[in-house]
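Listed below are the residues making up each chain.
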Amino acid sequence: MSGSIAHYDVAYIGQALKNNELSQVTLPASSLTECRGEIGNFTLSYQAEEELDQIQTSNIVINLPHQEELPVEGCLSLTGVGEEFLAEADGDKPLIIIQDYQELSAAALSQRGLKLALQAKSEDPAREVYYFYQAMRFMDNNDELYEEARRQEVIFLKHDLGELEISQDGEIFYSREDIELSLSGELVVAPELKPAAEVDRLARIFNITRGPEGYLQVDNIYLQPTLSGKRGLYVLGGARGPNALTYQQEEREYTLQEIKRNLIGVEELDEEERSVDDQKCVVCYTCYRVCPHGAIQRDEELNSMQIMPLACQSCNLCISRCPMGAITRSGEVEEQPQSDRQVIICENSAALAREKADFDPMAGLEVTEVPCVSTVKKEHIYQRLAGSEGDLLILGCISEACKHLTGHDRCEQVVSSAKSDLEKLDLDPERVNYQRLSPRMAADLSAYLTDWKGEVLQ
Amino acid sequence: MIVGKLKDVAEIKDMLSEDLESLFIIGCGTCVSVSLAGGEREAKSLRDLLELYFRSQGRDVKVNTATIKRQCDDEFIDSEELAISEHDVVLSLACGVGVQHLGIKHPGKMILPGVNTTFYGRNSDVGEWEEMCLGCGDCILDDFAGVCPVARCSKSLINGPCGGSQDGKCEVDDEIDCGWDLIYNRAKEIGQLDRLLSYEGPKDWSTARDGGVRSHKNPEFFSE
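Since this is a predicted model, take the numbers as computed values, not measurements.

S.K.: Talk me through the overall build of chain A; I want residue IDs and the actual numbers.
M.R.: Regarding its fold elements, chain A presents eleven helices and 24 strands. C-alpha atoms of chain A, sized along the principal axes, occupy 85 × 65 × 40 Å. Split into buried and exposed, the 458 residues of chain A put 42% on the buried side. Within chain A, contacts between residues separated by at least 24 positions form 69% of all contacts whose residues are at least 6 apart in sequence.

Below, the structure is given as structure tokens:
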């Protein structure tokens, strides 16, 4: 890269976080066209006025607001009403605050609703204030606000699905047990929160895994609070998830601390080196597409794929899925297990559960520990079955505890395909088993292994 | 790109004779590797699976594998000439072109297909491909807003949709997008709806399969 490209500590996509110590740049999400490189040295290309421009940055923060959808047209949004709203209010009309109308609202919206109710009472104690909710969600001092609101005679009415209806002209119909109520007044409703605009494009540009609701962070214990699957890339607000409004301050502080720590120096996560043979690589992009950590890019000079060492988190998924066997790792050894009871375990789940068990549940088994079960290729499975008359058990992770996000699913796809092929050749598919565990499931691991050993011995 | 799909392993097994002694599986390192059907990964896992099968049958069959860059070019095949000669049967994981090219180069050898050549398509998602082109030999994409009515309308209609188009889906299978819905929407988007109003005469299919087996020469390589 040319030395003339400006380098920043952090690039914000969306809104910047307040900080005076870091050099920073802010880019609108819509301007971004490409991200290359890895933590410490990302290069971002973006549309600047009429031409493409580039900056370099050590870290990236995507901080975009949620998109909001009001469940009923024409009403006011809880996030959109300011102080002037109450100052200009018609005290003869009741104030009606509704959360959880169609889907549960975030705790931060409960807080806004409770504060609004209290402010209304403070402006005009005689004004009727109704608060409809399904589940009051607590954060910070929400419980105190709730108690205070009750004391101030805010009328709280709990509703379940179908018990509350808002008509098109803003009238409320409430029916629960022996209460039948129809109301009209100034209606303020908690909006439904949706992923920020542009997250589709950003997921593609940064090549990161998205959660089922479309946010840029998947539900996973390794990605708390603002980590994405890609090192050096942090997601906040409407980029992160539906609950990102709850602990905003803490999440901002955490993110800034992480960025400062990264600037001191970032190490590779694994001593083993993974490399792509540029003579074998057919640039099919399979490795790029399956990498859960956005750690692969095309080497433009060699015209082959390239694994970025600081970004790589060592799951080996790219190796097992490369159609040309073009990716290797330095410490790879050809194993020829011979035992009748072979187990391949993930070092992040079953291996930890094994350590926590009172006795070794894997005693007597031939155990191979792998960084992620997505390391397993179909050929490994067949070779192991050919090397003995026994069975093979693969223990991966439950979805939320898979350090490599999609690794567990990718392994299950391979095992399922191998079992199907075995069956087609009248070979016993039950010789291969796949099970998911979390690191906390020591008891489940022991019980499962006892059953499995029993079946295998039969 | 030519897209392929690895044949069902039971079908591959049934192609192999009972007295087979050695099998050479050749992967192809271009189109079918990219479409994850017949590259080195598939060749090696198929080798290991078949070895497991032969062993379960008490048969001693030697199975070897190699993957070359392209089976449709002589120069790449030459490197495997010796290995091919040393095996009873070759199972090619190339598209139908590669399988036949191997047969032309090795007239005395049994060359079996391990892949079904499915279509010319694009990668639409990880591990997913969609047909885009039929290879009709006379491209008319310019008249149809860049969406091919020949390949992407199930009936290859060139004067508008049939009556079976519903909610943007094709009556042949509601998983298939109606090609004419795609043509209309894209033409609208790029301001070319008026071009769809002109009547298209019958398509000349002689450049497609109807004209018989096709071949062509690049004149820059031939003297008159």
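Now that the structure has been shown, the text picks up again.
S.K.: Tell me about the overall build of chain B, residues and numbers included.
M.R.: Broken down by element type, chain B carries eight helices and seven strands. Oriented by its inertia axes, the alpha-carbon framework of chain B measures out at about 65 × 50 × 25 Å. Here chain B holds 224 residues, and 34% of them are scored as buried. Considering only contacts in chain B between residues 6 or more positions apart, those separated by 24 or more positions represent 57%.

S.K.: I'd like a description of the packing of helix α2 (residues 107-123) of chain A against helix α3 (residues 142-151) of chain A, backed by residues and values.
M.R.: Geometry of a packed helix pair, given as the angle between the helix axes and the separation of the axes. Residues and elements named next belong to chain A. Two elements in contact, α2 and α3, have axes whose closest approach is 9 Å; the angle formed by their N-to-C orientations is 35°. Here α2 and α3 pass one another in a crossing that is left-handed. Facing Ala-107, Ser-110, Gln-111, Leu-114, Lys-115, Ala-117 and Leu-118 of α2, the residues of α3 in contact are Asn-142, Leu-145, Tyr-146, Glu-148 and Ala-149. Class assignment for the residues of the contact of α2 with α3 results in seven nonpolar, three polar and two charged.

S.K.: Requested: an account of the nonpolar core, with residues and values cited.
M.R.: With 93 residues, the main nonpolar core has Cys-318 and Ile-394 of chain A as its most contacted residues. It is helix α3 (residues 40-56) of chain B that provides the largest number of residues to this core, a total of seven residues. When residues no more than four places from it in sequence are discounted, the contact partners of Cys-318 of chain A are Cys-287, Val-290, Cys-291, Ile-296, Ile-307 and Ile-327 of chain A. Core analysis: the next-biggest nonpolar cluster, separate from the first, contains 58 residues, Ala-11, Ile-13, Cys-35 and Ile-259 of chain A among them.

S.K.: How would you summarise the interface of chain B and chain A if you had to cite specific residues and measurements?
M.R.: Facing 24 residues of chain B, the contacting portion of chain A comprises 20 residues. For the side of chain B that touches chain A, the leading source of residues is α3 of chain B, giving twelve residues.

S.K.: Describe unusual backbone geometry, and please don't skip the residues or the numbers.
M.R.: All names here are of chain A. The omega torsion across Gln-224 and Pro-225 is -15°, close enough to zero to call that bond cis. With respect to the helices, strands and loops of the structure, Pro-225 is situated in the loop between α4 (199-206) and β16 (233-237). One non-glycine residue with positive phi stands out, namely Val-283, at about 50°. Locating Val-283 in the fold gives a position in the loop between β17 (274-276) and α6 (286-290).

S.K.: Tell me about the domain arrangement of chain A, residues and numbers included.
M.R.: All names here are of chain A. In terms of domains, chain A is made up of domain 1 (7-64 + 195-264), domain 2 (68-193), domain 3 (274-329) and domain 4 (341-457). Centre-to-centre separation of domain 1 and domain 2, based on C-alpha positions: 34 Å. Counting residues at the interface gives four residues for domain 1, matched by five residues for domain 2.

S.K.: Break down the pairing of strand β12 (residues 172-176) of chain A for me, citing the residues and quoting the values.
M.R.: All names here are of chain A. Taken together, the three bridges between strand β11 (residues 164-166) and β12 define a ladder with antiparallel strand orientation. Within β12, the residue paired with Leu-164 across the bridge is Tyr-174. In sequence, β11 turns back onto β12 through a hairpin of five residues, with Gly-170 there showing a positive phi of about 85°. Note: β12 against strand β13 (residues 179-183), five bridges, orientation antiparallel. Opposite Ile-172, over in β13, you have Leu-183 as the bridge partner.

S.K.: Could you give me a rundown of the sheet that holds strand β7 (residues 128-133) of chain B, with the residues and numbers involved?
M.R.: All names here are of chain B. The three strands are arranged β1-β6-β7 in an open sheet whose pairing can be described as antiparallel. The open sheet has two free edges, formed respectively by β1 (2-6) and β7, since each of these has just one partner strand. Sheet twist, expressed as the average angle between the axes of neighbouring strands with direction ignored, equals 70°.

S.K.: Just give me the short version of the sheet that holds β12 of chain A, but keep the residues and values in it.
M.R.: All names here are of chain A. Strand order in the open sheet formed by three strands is β11-β12-β13, and the pairing between neighbours is antiparallel. The open sheet is flanked by β11 and β13, the only strands paired with a single partner. On average, adjacent strands in this sheet sit at an angle of 10° to one another, irrespective of strand direction.

S.K.: Kindly report on the confidence of the model for chain B, identifying the contributing residues and their values.
M.R.: Here chain B averages 96 in pLDDT, while 100% of its residues score no lower than 70. We note a pTM of 0.91 for the whole complex and an ipTM of 0.93 for its interfaces.

S.K.: Explain the pairing of strand β22 (residues 366-370) of chain A to me, and be specific about the residues and the numbers.
M.R.: All names here are of chain A. Relative to β22, strand β21 (residues 341-346) runs parallel, the two being bridged by five bridges. Among the inter-strand pairings, Cys-346 is bridged to a residue of β22, identified as Val-370. The parallel pair β21 and β22, bridged by helix α8 (residues 350-356), forms a crossover whose chirality is right-handed.

S.K.: Which residues make up the environment of Lys-7 of chain B, and what are the values?
M.R.: Residues and elements named next belong to chain B. Here Lys-7 is to be found in the loop between β1 and α1 (9-15). Note: C-alpha distance between Lys-7 and Arg-55 (48 residues apart in sequence) is 21 Å. Excluding residues that lie within four positions of it along the chain, Lys-7 makes contacts with Ile-12, Gly-114, Val-115 and Asn-116.

S.K.: Got a sec to walk through the packing of helix α9 (residues 378-386) of chain A against α3 of chain B? Specific residues and values, please.
M.R.: Contact pair α9 of chain A / α3 of chain B: the axes reach a minimum separation of 8 Å and the direction vectors enclose 20°. Comparing the axis directions of α9 of chain A and α3 of chain B gives the class roughly parallel. As for the relative orientation of α9 of chain A and α3 of chain B, their crossing is left-handed in sense. Contacts from Lys-378, Glu-379, Tyr-382, Gln-383, Leu-385 and Ala-386 of chain A in α9 of chain A reach Lys-44, Ser-45, Asp-48, Leu-49, Glu-51, Leu-52 and Arg-55 of chain B in α3 of chain B.

S.K.: So what's going on with the domain arrangement of chain B? Which residues, and what values?
M.R.: For chain B, the assigned domains are domain 1 (2-118) and domain 2 (134-211). Relative placement of domain 1 of chain B and domain 2 of chain B: their C-alpha centres are 37 Å apart.

S.K.: Let's hear about the confidence of the model for chain A: which residues, and what values?
M.R.: Considering every residue of chain A, the mean pLDDT works out to 92; 99% of them sit at 70 or more. When mean pLDDT is compared element by element in chain A, strand β1 (residues 7-14) of chain A scores highest at 98, while helix α1 (residues 83-87) of chain A scores lowest at 78.

S.K.: So what about helix α5 (residues 248-264) of chain A? Which residues, and what values?
M.R.: All names here are of chain A. The terminal C-alpha atoms of α5, which comprises 17 residues, lie 25 Å apart, in line with the 24 Å expected from a rise of 1.5 Å per residue. Regarding α5, the residues found buried are Glu-251, Arg-252, Thr-255 and Ile-259. End-on, the buried residues of α5 take up no more than an arc of 100°, which puts them together on one face. The exposed residues of α5 that point more than 90 degrees off its buried face are Gln-249, Glu-250, Gln-257, Arg-261 and Ile-264. Buried residues along α5 sit against β1, β5 (51-64) and β16. Just beyond α5, the residue with positive phi is Gly-265, at close to 155°.

S.K.: Would you mind going over the environment of Tyr-46 of chain A in detail, with residue names and values included?
M.R.: All names here are of chain A. Its place among the elements puts Tyr-46 in strand β4 (residues 41-48). Spatially, the C-alpha atom of Tyr-46 lies 58 Å from that of Glu-389, the residues being 343 residues apart in sequence. Not counting residues within four places of it along the chain, the set of residues in contact with Tyr-46 comprises Leu-27, Ser-31, Leu-32, Thr-33 and Asp-53.

The rules behind these values
Residues numbered from 1 in each chain as written. Chains lettered and ligands numbered in written order. Predicted model: local features only at pLDDT ≥ 70, side-chain atom pairs only at ≥ 80, totals over all residues. Helix = DSSP H or I, 4+ residues; strand = E, 2+ residues; numbered from the N terminus. Buried ≥ 20, exposed ≤ 12 C-beta atoms within 10 Å, placed from the backbone. Contact = placed C-beta atoms within 7 Å. Axes fitted to C-alpha atoms, helices over the stretch in contact; angles between N-to-C directions. Left-handed = near helix turned anticlockwise from the far one by under 90°. Nonpolar A, V, L, I, M, F, W, Y, C, P; charged D, E, K, R; others polar. Core = buried A, V, L, I, M, F, W, Y, C linked by C-beta atoms within 7 Å. Domains from an automatic or database assignment. Pairing = 2+ DSSP bridges. pLDDT = per-residue confidence, 0-100. Right-handed = clockwise from strand over helix to strand, strands pointing away. Parallel < 35°, antiparallel > 145°, perpendicular 65-115°, else oblique. Expected span 1.5 Å × (residues − 1). Arc of directions from axis to C-beta.

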